[in-house]
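Read off the chains here:
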Amino acid sequence: MRSPLGRLARTALPAGFLLGFLDFVWIKYLPFPLGELGNSSAVWAVAAFLYAFWLRSRWWWGALGAAAGLVVAVPSYYLAAALIQGDDLAVLWQPTSILWMCFGVLAGVVFGVSGTWAREQGWRQVVGVALPGAVLFAEAAFFARRIGDPSYGSEPPAHAAIRVALGVLIIILTGRTHRHRLLALATALPLALAGFAAFLVGFR
């Protein structure tokens, strides 16, 4: 029998590297408003969810793999920045990078567990499917609060609308039945309020 750790090493680490590297490429070359999704913390959280959802394993393996992937994604992102636009590689070990890796561990655990729960039954399945939608809705609300602020121009409505659409889409795609999808959507809304408060604290 193959070791679960071996499977994580073969999948989570390469997936994390690709997430970080391709995320920078996405930001660099895609036009507004899609290009801005590369700066989205919610998108990285959803990537962690999708990895664990794909893994089809125990919740602790999903959490470990998702966290490892997000940690690897941070230096991979800065490596891409160094290779593509000549940024200083010293940023790889700066406090900001370490802080983002710590956030990656936290998000990886939460959304890794969510990804495994989404394949279970009962309330875990509902919460598991709801969480990735909730974090996208929370980020949408964070952008919506900027609508009308001249400092941000006309961008916030597009950013908010895209995240709402993605939040609904991820719930539709990962929910098993229409009933589960509706329950997950209803659950995602109060969770999004908590996420919105977290965004306000973390990105003041």
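This text gives an overview of the structure that appears in the document. (Residues numbered from 1 in each chain as written. Predicted model: local features only at pLDDT ≥ 70, side-chain atom pairs only at ≥ 80, totals over all residues. Heavy atoms only, no water.)

1. Topic: the nonpolar core
With 35 residues, the main nonpolar core has Phe111, Val135 and Ile171 as its most contacted residues. At the level of elements, α2 (41-55), α3 (59-85), α4 (95-117), α5 (122-144), α6 (155-174) and α7 (178-202) are the ones that each hand at least two residues to this core. For this core, the element with the most residues is α5, which contributes 9 residues. When sequence neighbours within four positions are dropped, the list of residues in contact with Phe111 reads Ala45, Ala48, Phe49, Ala52, Leu131, Pro132 and Val135. If you look at the next biggest cluster of nonpolar residues, it comprises 5 residues, including Leu8, Ala12, Leu55 and Trp61. (Core = buried A, V, L, I, M, F, W, Y, C linked by side-chain atoms within 4.5 Å. Buried < 20%, exposed > 50% of the residue type's maximum accessible area, 1.4 Å probe, protein only. Helix = DSSP H or I, 4+ residues; strand = E, 2+ residues; numbered from the N terminus. Contact = heavy atoms within 4.5 Å.)

2. Description of the environment of Ala68
Relative to the helices and strands, Ala68 is located in helix α3. Take Ala68: its relative accessible area is 24%, and that puts it in the partly exposed class. A C-alpha to C-alpha distance of 23 Å links Ala68 and Glu120, two positions 52 residues apart in sequence.

3. Details of the environment of Ala82
Its location among the elements puts Ala82 in helix α3. The buried category is assigned to Ala82, whose relative accessible area is 16%. With 10 residues separating them in the primary sequence, Ala82 and Leu92 have C-alpha atoms 9.8 Å apart.

4. Digging into the packing of aromatic side chains
Counted by the stated rule, this structure contains 9 aromatic pairs. Here Tyr51 and Trp54 contribute two aromatic rings whose centre-to-centre distance is 5.8 Å and whose plane-to-plane angle is 45 degrees, an arrangement assigned as tilted. Here Trp54 and Tyr51 lie together in helix α2, a separation of 3 residues that amounts to about one turn. Within the aromatic cluster, the residues linked to one another by ring pairs are Phe24, Tyr77 and Tyr78. (Phe/Tyr/Trp six-rings, centres within 6.5 Å; stacked < 30°, edge-to-face > 60°.)

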